[in-house]
Amino acid sequence: MATTIKTLMPRIGTLCRTIAVALIAGVCRWRSIREVNDRIVARSVQEQALITAAVLGVLFAICLFAAQFGWIGMLVFFLAVIIVVN
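Because the structure is predicted, anything quoted here is derived from the model rather than measured. (Residues numbered from 1 in each chain as written. Predicted model: local features only at pLDDT ≥ 70, side-chain atom pairs only at ≥ 80, totals over all residues. Heavy atoms only, no water.)

A. Structural view of the packing of aromatic side chains. What the rule picks out here adds up to two aromatic pairs. For the ring pair F65 and F69, a centre distance of 5.3 Å and an interplane angle of 80° mean the geometry is edge-to-face. Of the two residues, F65 and F69, neither departs from the other in class, the shared state being exposed. Note on F77 and F78: the rings are 5.5 Å apart at their centroids and 55° apart in plane angle, and the pair reads as tilted. Looking at F78, the relative accessible area reads 46%, which means it is partly exposed. (Phe/Tyr/Trp six-rings, centres within 6.5 Å; stacked < 30°, edge-to-face > 60°. Buried < 20%, exposed > 50% of the residue type's maximum accessible area, 1.4 Å probe, protein only.)

Structure follows, in structure tokens:
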């Protein structure tokens with residue numbers, strides 16, 4: 001069990017950081033995804049985790065707010081995420 005967790009955690013962290021980078025680059029259109037990723041990777045592991053957790057936390061909070069408006073709110077939320085990431 002412990003070896004499975006040690007094997008999966010870096011991969012999960014990389015996937016979460018990639019999602020956070022895509023969202024940051026989508027909001028800051030003047031920066032490319034590669035540039036945002038390079039700036040985040042250059043930071044310490046703790047700062048990377050903090051940035052990733054903050055971005056995903058904000059995304060989760062917005063999701064909960066959109067869920068208050070039912071399925072229409074969730075559709076608008078998903079559409080907004082698709083537009084930001086593209």
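B. Summary view of the environment of A22. Within the secondary structure, A22 is located in helix α1 (residues 2–27). Under the relative-accessibility criterion, A22 is labelled buried at 17%. Through-space distance from the C-alpha of A22 to that of S32 is 9.1 Å; in sequence the pair is 10 residues apart. (Helix = DSSP H or I, 4+ residues; strand = E, 2+ residues; numbered from the N terminus.)

C. Spotlight on the pattern of salt bridges. Applying the stated criterion across every chain yields a total of two salt bridges. The salt bridge partner of E35 is R31, with a shortest N-O separation of 2.8 Å. Judged by relative accessible area, R31 falls into the partly exposed class, the value being 30%. The partner of R43 in a salt bridge is E47, and the shortest N-O contact between them spans 3.7 Å. (Salt bridge = Lys/Arg side-chain N within 4 Å of Asp/Glu carboxyl O.)

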